[in-house]
Amino acid sequence: MGNGMQERQGALTQGEVRPLPSAGQSEGYKQGRSVLKSLLSGAFAGAVAKTAVAPLDRTKIMFQVSSNRFSAKEAYKLIYRMYLKEGFFSLWRGNSATMVRVVPYAAIQFCAHEQYKHLLGKRYGFQGKALPPFPRLLAGSLAGTTAAMLTYPLDMVRARMAVTPKEMYGNILHVFVRISREEGMKTLYRGFTPTILGVVPYAGLSFFTYETLKKLHADKSGRSQPYSYERLAFGACAGLIGQSASYPLDVVRRRMQTAGVTGHTYSTIVGTMREIVAEEGVVRGLYKGLSMNWVKGPIAVGISFTTFDLTQILLRKLEQLGYFPR
């Protein structure tokens, strides 16, 4: 490795002298490289986390969009019936659509969060340091909103694939085509408003909790970087708080997204909430599947945050060793 570094340095000293980039160009290059690393780390984090909990996620969605009463026993029965009827890999049905959505969503969300932290740090004079509480919450909310706005139709497709038999939709493109032809292009954005309303507290509280726990840990332990298991614990707490706060809107979003294939006509947030409460009650309707989310959510968010941080650290080390241009 050392010889490789010397050869690269020697190549620069022979022949023409390369002009040094200006300060503006250098800053722009660093910023672009930082954005790229955040995008790669975020995409990988989202893919790993969602694949790990895909069977639980599909089961949760199927309860959310039906009037069947939720319980751990009924969830287990549903998973077992899917396994017997459609095979083991049916538990991951819709995961390809999930990946198509989650990879860009997580990449944009984590990258946007880093950029919003940078901008708010400049605004509040905390550049390079942990942000104060309100900007910390704001950075997370803005990051989640940005990602949700840019990737929403993919979330709609994923929900449809999760609750329908494989004979109905052959692949992701088929879902787009059928929805567009049979229900109209507007259907691809059905449930968009509750999604945005839900993602503000969810993403805001998730990032806020994770960043706050890391700061408290650094202040008390004197270590700037927590261990991997500590990151997982911080992420689990973040997921638990964030998802609990926004869960009713998640149920409403799923009902509106799948209305075309479940026989309902959900059209507004308030109307959907009223119908759910009238038929199933507040707790059993708007919070249906929350107990499963308390298992799935913390695992997914913990894995996601931990994978992002560790991937960022790995990329920085590889850069320092000369594997990437500086």
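Residues numbered from 1 in each chain as written. Predicted model: local features only at pLDDT ≥ 70, side-chain atom pairs only at ≥ 80, totals over all residues. Heavy atoms only, no water.

Filter applied, for reference: UniProt positions are given in the numbering used here, feature names are shortened, and annotations may be inferred rather than shown by experiment.
An unreviewed UniProt entry annotates the protein chain as Mitochondrial coenzyme A transporter SLC25A42 of Scleropages formosus. Under the UniProt heading Function (unreviewed entry), the entry covering the protein chain gives this text: "Mitochondrial carrier mediating the transport of coenzyme A (CoA) in mitochondria in exchange for intramitochondrial (deoxy)adenine nucleotides and adenosine 3',5'-diphosphate."

1. Here we look at the overall build of the protein chain
Worth spelling out the cut-off: Numbering of helices and strands runs from the N terminus; a helix is a DSSP stretch of H or I covering at least four residues, while a strand is a stretch of E covering at least two. Partly exposed describes any residue whose relative accessible area lies between the buried limit of under 20% and the exposed limit of over 50%, with all areas from a 1.4 Å probe on protein chains only and scaled to the type maximum. Working rule for contacts: check all heavy atoms of both residues, and any pair within 4.5 Å makes them a contact.
Scanning the protein chain from N- to C-terminus turns up 13 helices and 0 strands. When its helices and strands are written in sequence order, the protein chain yields α-α-α-α-α-α-α-α-α-α-α-α-α. In the protein chain, which comprises 326 residues, the share counted as buried stands at 45%. The contacts of the protein chain with a sequence gap of at least 6 include a subset with a gap of at least 24, amounting to 77%.

2. Side note on helix α3 (residues 54-64)
Among the 11 residues that make up α3, 9 are buried, leaving the element largely enclosed by the rest of the structure. Of all the positions in α3, only Ala54, Pro55, Asp57, Arg58, Thr59, Lys60, Ile61, Phe63 and Gln64 are classed as buried.

3. Concerning the packing of helix α8 (residues 192-221) against helix α9 (residues 228-257)
This is how the line gets drawn: In this analysis, axes come from line fits to C-alpha atoms, helices being fitted only over the stretch in contact, and the angle between any two N-to-C directions falls in the range 0 to 180 degrees. What sets the label is the angle itself: under 35 degrees gives roughly parallel, over 145 gives roughly antiparallel, 65 to 115 gives roughly perpendicular, and the rest give oblique. For this scheme, ten residues count as nonpolar: Ala, Val, Leu, Ile, Met, Phe, Trp, Tyr, Cys and Pro. Four count as charged, namely Asp, Glu, Lys and Arg, and the remainder, Gly too, count as polar.
Interaxial distance between α8 and α9 falls to 8 Å at its minimum, and their mutual angle equals 170°. Here α9 runs roughly antiparallel to α8, going by the angle between their axes. Its residues assigned to classes, the contact of α8 with α9 comprises 15 nonpolar, 9 polar and 4 charged.

4. With respect to the pattern of salt bridges
To keep things clear, this is the line we draw: Take a side-chain nitrogen of Lys or Arg and a carboxyl oxygen of Asp or Glu: if they are within 4 Å of each other, that pair is a salt bridge.
All chains considered together, the criterion is met by 18 salt bridges. The salt bridge partner of Glu74 is Lys77, with a shortest N-O separation of 3.8 Å. With Glu74 and Lys77 both in helix α4 (residues 72-86) and 3 residues apart, the pair spans about one turn of that helix. By relative accessible area, Lys77 is classed as partly exposed at 33%. Lys215 is the salt-bridge partner of Asp219, the closest N and O atoms lying 3.2 Å from each other. Note that Asp219 and Lys215 are positioned in helix α8 at a spacing of 4 residues, about one turn of the helix. Look at Asp219 and you get exposed, because its relative accessible area is 53%. Taking the relative accessible area as the measure of exposure, Lys215 reaches 33% and is therefore partly exposed. Among the charged side chains, a network of salt bridges with common partners joins Arg101, Asp155, Asp250, Arg253 and Arg254.

5. So, a nonpolar patch on the surface
Note the following rule: Patch membership requires over 30% relative accessible area and the absence of a salt bridge. Like charges are linked within 9 Å, and nonpolar side chains (Val, Leu, Ile, Met, Phe, Trp, Tyr) within 5 Å. Computed by Shrake-Rupley with a 1.4 Å probe, the accessible areas treat only the displayed protein chains as cover when residues are assessed.
Residues Tyr76, Tyr80, Tyr83, Leu84, Phe88 and Phe89 make up a contiguous nonpolar surface patch of about 740 Å² in total accessible area. Relative to the helices and strands, Tyr76 resides in helix α4.

6. A few points about the packing of α3 against helix α6 (residues 133-163)
Between α3 and α6, whose axes approach to 9 Å, the crossing angle comes to 85°. By the angle between their axes, α3 is roughly perpendicular relative to α6. Together, Asp57, Arg58, Ile61 and Met62 of α3 and Arg158, Ala162 and Val163 of α6 make up the contact between the two elements. Along the lines of polarity and charge, the residues of the contact of α3 with α6 split into 4 nonpolar, no polar and 3 charged.

7. Description of the packing of aromatic side chains
The cut-off we apply is this: Between 30 and 60 degrees the pair is tilted, below 30 it is stacked and above 60 it is edge-to-face, where a pair is any two Phe, Tyr or Trp rings, Trp via its six-membered ring, whose centres lie within 6.5 Å.
A full pass over the atoms with the stated rule returns 11 aromatic pairs. When the ring of Tyr80 is compared with that of Tyr83, the centres are 6.3 Å apart and the planes differ by 35°; the resulting orientation is tilted. Placement of both Tyr80 and Tyr83 in helix α4 is noted, with a separation of 3 residues, approximately one turn of the helix. Judged by its relative accessible area of 39%, Tyr83 is partly exposed. Summarising the aromatic geometry, the rings of Phe110 and Phe207 are spaced 5.7 Å apart at their centres and angled 80° between planes, so their arrangement reads as edge-to-face.

8. What to know about the environment of Leu142
Tracing the chain through its elements places Leu142 in helix α6. A relative accessible area of 31% places Leu142 in the partly exposed class. Leu142 sits 26 residues away from Tyr116 along the chain, and the two C-alpha atoms are 7.5 Å apart.

9. Structural notes on empty space enclosed by the protein
Worth spelling out the cut-off: Two kinds of site are reported from a 1 Å grid over the protein atoms alone, namely cavities, where a 1.4 Å probe fits but cannot get out, and pockets, open sets with protein on both sides within 12 Å along at least five of seven lines, and residues are called lining when an atom falls within 4 Å of a point. Grid points are joined across faces, edges and corners, and a volume is the space filled by probe spheres set on the points.
In this structure the tally under the stated criterion is 2 cavities of 30 Å³ or more. In this structure, the largest cavity encloses a volume near 670 Å³. Taken together, the elements giving at least two residues each to the lining of the largest cavity come down to α2 (23-52), α3, α5 (95-124), α6, α8, α9 and α13 (290-320). Top contributing element to the lining of the largest cavity by residue count: α8, with 8 residues. Across the lining of the largest cavity, the residue classes tally to 18 nonpolar, 10 polar and 10 charged. Computed from the structure, the second largest cavity encloses a volume of approximately 90 Å³. What lines the second largest cavity is a set of 13 residues, among which Ala54, Asp57, Arg58, Arg93 and Thr98 lie closest to the centre. Those elements that provide at least two residues to the lining of the second largest cavity are α3, α5 and α6. Per-element accounting of the lining of the second largest cavity gives the leading share, 4 residues, to α3. Class assignment for the residues of the lining of the second largest cavity results in 5 nonpolar, 3 polar and 5 charged.

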